[in-house]
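# Structural features, examined
Here are the chains, one letter per residue:
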Amino acid sequence: MSGEKGEAFSILRIYDEPEEKRNEPESSDIFSQHEPQAQSQLDRVRGTPRWALQALDRSQRQTSWLSEAEPGEAAAFSPSSPPGSKFGQPCPSPPPSEEVWSFLRAVPPIADEVVRQRTPRASWKVGKLHHGKRVYAIAISSSTHHVYTCGHGYIRVWDESALHAWNKAPQAQLNFQDHQNCVLTCKLFPDEQRLITGGLSRTLTLWDLAPTPRIRAQLASTGPMCSSLAISSNAQICLACFKGFIEIWDLQNQILIRKHEVPEYGSRCVDIAGNKFWTGGEDTSLYSWDLRSYQKLQEYNLHHEILSITHDPSEEWVLVGLRTSDIVILHTHRKEKFKAIIQKYIHHHNLKFASCGSYFVTTLDESIHCLAAPSLQRLFQKEESTEILCCDVSSDNQYLVTGSKDSATVYQLLY
């Protein structure tokens, strides 16, 4: 076990693409045609991790990567920072030398769809789903073409036609037997045909979503309130987060494998990536645990309350959302740590990675930010009139849905 309480993070800055660059056609010159493929092929040949590569190439990506001496201390710009490296300013980047191009010509070409992963350039608000009560959890299934809004007393099911409407009734409403039950968290299975929910109930509920939603099983939990759920990529393990412990469930056999004790105030949220799982909460520390031995592997003191944890599709990177809006980015195996600084005190911080891995969404109270990965370029930003409690992105990367005090808002992603 290693404690990493005092080690510094490399600091990132979220940046906006200059307007003139955004309106410029992609094939405006030779360098713009070759740059993405050149960068992608260099990534593959060198084996350099994507976030780390960005830190090495600060001028090309227009971000400011600073060295933080002490966590929480205001970082100053490095004297070696190139001109224009401040937030929002474009930085000049010299074209590759003939020597570099000779090297790149020797590398086999990569298919265009691999090189250019799609990222949305904007979003369009297309509908509103009237849940009637607070929407604490939400799930979009591209498999069943439905959205599921969860809260107090029931789950509402919305078909695809409701996504482009403003006052359409839900296709179905799934009422809980105990009307005091409230779903606070939900997770889709990888096949998107099953859902698990947890909340203010001493049960975790497994739902079959196709052909029509129905309860498959109810797992008797040992805690009164489940605040977060995580499912392994093979859908065999489920982690349920309670105050002071994590329940580890075998989903195939529907049995509780272990009740794993964690710090009482370090158990607000949980996520699983490979053979590790991560917990965090009010005590400001992020913990990683071995899923096989259940031993604590690492502890990071992040100095601020942890509100959300998620991972990228490759399960190589974990993202942590803090009360200050900052986003901590950690490699799951290597000692690589970054922090995107926003510094705005908030009540709700949600993180959701797109299935393609090229962007993620973070909601900060009423604000929505869609950010490219790994560059942290802001692709678009939206503001809502009330605090956003949850969000989800469809696996086909077509829709973003946010949940708030009595409804869910549907955005179509534009490419």
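Here the residue numbering is sequential within each chain, running from 1 through the sequence in written order. In keeping with the predicted nature of the model, local features appear solely for residues at pLDDT of at least 70, side-chain atom pairs appear and are counted solely at 80 or more, and the whole-chain, interface and lining totals rest on all residues. Computation of side-chain values: all heavy atoms of the structure, hydrogens and water removed.

### Focus on the overall build of the protein
We count a stretch as a helix when DSSP gives it H or I for four or more residues in a row; a strand needs E for two or more, and each element gets its number in order from the N terminus. Helix and strand counts for the protein come out as six helices and 32 strands. The contacts of the protein with a sequence gap of at least 6 include a subset with a gap of at least 24, amounting to 48%. To be clear on the numbers: accessible area is Shrake-Rupley with a 1.4 Å probe, and residue cover counts the displayed protein chains and nothing else. With the model as given, the accessible surface of the protein reaches about 18800 Å², and the carbon-plus-sulfur share is 48%. We call two residues in contact when some of their heavy atoms are within 4.5 Å.

### Re the sheet that holds strand 14 (residues 228–231)
Note on pairing: two strands pair once DSSP finds at least 2 bridges between them. Pairing is antiparallel in the open sheet, where four strands are placed in the order 14-15-16-17. Each edge of the sheet is formed by a strand with only one pairing partner; in this case those strands are strand 14 and strand 17 (255–261). In this sheet, neighbouring strand axes are inclined to one another by 20° on average, regardless of whether the strands run parallel or antiparallel. Relative to strand 15 (residues 237–242), strand 14 runs antiparallel, the two being bridged by four bridges. Bridged to A230 within strand 15 is L239. The convention used is that axes are lines fitted to C-alpha atoms, helices contributing only their stretch in contact, and that angles between N-to-C directions extend from 0 to 180 degrees.

### Considerations on the sheet that holds strand 31 (residues 399–403)
The strand order across the open sheet built from four strands is 5-32-31-30, with neighbouring strands paired in antiparallel fashion. Each edge of the open sheet carries a strand with a single partner, namely strand 5 (122–130) and strand 30 (390–393). Within the sheet, the average angular offset between the axes of one strand and its neighbour, ignoring direction, is 20°. With five bridges joining them, strand 31 and strand 32 (residues 407–414) adopt antiparallel strand pairing. For G403, the partnering residue across the bridge sits in strand 32 and is A408.

### A closer look at unusual backbone geometry
In this structure, the amide linkage connecting A210 to the following residue, P211, adopts the cis form with an omega of 0°. Inspection of the secondary structure puts P211 in the loop between strand 12 (203–208) and strand 13 (214–220). Here the bond from A373 into P374 is cis, since omega is 10°, no more than 30 degrees from zero. As for its position among the elements, P374 is in the loop between strand 28 (367–372) and strand 29 (377–383). Even without a glycine there, the phi angle at A235 is positive, about 65°.

### Focus: the packing of aromatic side chains
By convention, a stacked pair of Phe, Tyr or Trp rings (six-membered ring in the case of Trp) has centres within 6.5 Å and planes under 30 degrees apart, an edge-to-face pair has planes over 60 apart, and any other such pair is tilted. Considering all chains together, one arrives at five aromatic pairs under this definition. Between the aromatic rings of W317 and F338, the centroid separation amounts to 6.2 Å while the plane-to-plane angle is 45°, which identifies the pairing as tilted. One end of the pair, W317, is in strand 23 (residues 317–322); the other, F338, is in strand 25 (residues 337–340), with 21 residues separating them in the sequence. Comparing W317 with F338 shows no difference in burial state: the two are buried. A cation over a ring is seen here: K337 above F9, with NZ or CZ 4.7 Å from the ring centre. Ring-over charges, as used throughout, are those where CZ of Arg or NZ of Lys falls within 6 Å of the ring centre and within 35 degrees of the ring normal. Positioned over the ring face of F9 is K339, at 5.2 Å from the centre of the ring. Accessible area is worked out with a 1.4 Å probe on protein chains only. A residue is then buried under 20% of its type maximum, exposed over 50%, and partly exposed in between.

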